[in-house]
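Next come the chains, spelled out residue by residue.
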Amino acid sequence: MEDRLNQAKFILANEKVPKTEVAEKSGFANGKTCHDVFKEQVGISLWNYQKTFEGES
């Protein structure tokens, strides 16, 4: 599970892709599962996590 979360974090920090693609690339069964697990483990949603990296390059 930790590997999938780390992969999702990496994608969110470095790519502008739909959240369903983040879920797919990270190995989650679907977008809802990815969202629920991410929010439970990380404490914020995928969208809010990605927003923390906007403007960085």
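What counts and how
Residues numbered from 1 in each chain as written. Predicted model: local features only at pLDDT ≥ 70, side-chain atom pairs only at ≥ 80, totals over all residues. Heavy atoms only, no water. Helix = DSSP H or I, 4+ residues; strand = E, 2+ residues; numbered from the N terminus. Rg over C-alpha atoms; globule rule 2.2 N^0.38 Å. Buried < 20%, exposed > 50% of the residue type's maximum accessible area, 1.4 Å probe, protein only. Contact = heavy atoms within 4.5 Å. Areas by Shrake-Rupley, 256 points an atom, 1.4 Å probe, with all protein chains shown as cover. Lys, Arg positive; Asp, Glu negative; His and termini not counted. Charge placed at Lys NZ, Arg CZ, Asp CG, Glu CD.

(A) Representation of the overall build of the chain in the model. When its secondary structure is counted, the chain shows 4 helices and 0 strands. Reading the chain from its N end, one meets helices and strands in the order α-α-α-α. Its C-alpha atoms give the chain a radius of gyration of 10 Å, within 12% of the compact-globule value 10 Å for 57 residues. Along the first, second and third principal axes, the C-alpha set of the chain runs to 30 × 20 × 20 Å. Looking at the chain as a whole, 28% of its 57 residues qualify as buried. A separation threshold of at least 6 residues defines the contact pool for the chain, and within that pool the share at least 24 residues apart is 42%. Accessible surface for the chain amounts to roughly 3,800 Å². Of this, 48% is attributable to carbon and sulfur atoms. Across the chain, the mean location of the 8 positive side-chain charges is 5 Å away from that of the 9 negative side-chain charges.

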